[in-house]
Each structure stands twice: as structure tokens, then as C-alpha cells.
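# Coordinate inspection notes
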Amino acid sequence: QVQLVESGGGLVQAGGSLRLSCTASGSDFSISAMGWYRQAPGKLRELVATITTGSSTNYADSVKGRFSISRDNVKNSVYLQMNSLKPEDTAVYYCNAVAVTRRGHVFDYWGEGTLVTVSS
């Protein structure tokens, strides 16, 4: 079992910055890809950014050039630096991790989410 704990959400004015953090804990696993997704009120959950163990990244078009994802493989942590925030970035942000057990089983885990609110 893997637990994901997120932090860093909050209220910020448009144009401001926030940094989200997520750490995976548990035993008998290795973390593969990690990422951030978000869900705005009344909308489906959408990809924000993902990063592989080799630090290859992928971003949604809407956040390219403003958000930056990074990770610390030793700490099993992933970070999302969000700059030039816009009101449309307001959402609950969820951390995601793909974990592989020693037996080779692959599981997809989600954090409980952290709310980011951007005021205009």
C-alpha cells in the first residue's frame, strides 16, 4: 500500500505563485511515473503535468511555460511549481503515482487533493 500526502495549496492572487509537494510512503514498492492532475468545479479531472523516473516531463498546453514539475527519487516526492497563476487554474490538485511492487504488480495511487484558489 502506498500513501500520497500533498501540501502547498492555498489562496493566491492572479499572477502569483504556489509550490505543491507530494510524498509517497509505504513499503515494498518502487515509484515509477508521478504527476499532478486537477479538477475544477463541474469539470472532469485533467492532466496537469507528469514526470518519469528519468525526469522526462509532459505538460498540458494550458500550463506550459507557467508550471514546472520536478521530482526527488530518493524522497519519492514530486513537486509542482506554479507561476503566473490565473483564475482558471483554480481547482483541486491531485498527486498521482504509479507504484511497482517487488512482484512486479503495477498500481495507480492518488492523493486526497489540495485546493488551489486563484483570485482575480
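Residues numbered from 1 in each chain as written. Predicted model: local features only at pLDDT ≥ 70, side-chain atom pairs only at ≥ 80, totals over all residues. Heavy atoms only, no water.

### Let's talk about the packing of aromatic side chains
Let me state the cut-off plainly: Any two of the Phe, Tyr and Trp rings considered here, Trp counted by its six-membered ring, make a pair once their centres fall within 6.5 Å; the pair's planes then place it as stacked at under 30 degrees, edge-to-face at over 60, or tilted in between. For the purposes of this entry, the term helix denotes a DSSP run of H or I that reaches at least four residues, the term strand denotes a run of E that reaches at least two, and both are numbered from the N terminus. Exposure classes here rest on a 1.4 Å probe applied to the protein chains alone. A residue is buried below 20% of its type maximum, exposed above 50%, and partly exposed in between.
For the coordinates displayed, the defined rule picks out two aromatic pairs. Arranged with centres 5.0 Å apart and planes meeting at 70 degrees, the rings of tyrosine 37 and tryptophan 110 form a pair that is edge-to-face. On the criterion of sequence distance, the pair formed by tyrosine 37 in strand S4 (residues 29–39) and tryptophan 110 in strand S10 (residues 106–110) is long-range, its members being 73 residues apart. Looking at tryptophan 110, the relative accessible area reads 34%, which means it is partly exposed. Ring geometry for phenylalanine 107 and tyrosine 109: centres 6.3 Å apart, planes at 45 degrees, overall tilted. Looking at phenylalanine 107, the relative accessible area reads 39%, which means it is partly exposed. Overall, tyrosine 109 belongs to the buried group, its relative accessible area being 16%.

### With respect to the side chain of threonine 114
Put simply, the rule reads: Contacts: residue pairs with any heavy atoms within 4.5 Å of one another.
Along the polypeptide, threonine 114 turns up in strand S11 (residues 114–119). With residues up to four places along the chain from it excluded, the contact list for threonine 114 reads Glu6, Gly8, Gly9, Leu20, Ala91, Val92 and Tyr93.

### Thoughts on the environment of glycine 35
Mapping glycine 35 onto the fold places it in strand S4. Of the residues examined, glycine 35 reaches a relative accessible area of 0% and is grouped as buried. Between the alpha carbons of glycine 35 and cysteine 95 there is a distance of 5.9 Å; along the sequence they are 60 residues apart. In contact with glycine 35, other than residues within four places in its own chain, are Ala49, Thr50, Ile69, Tyr94, Cys95 and Asn96.

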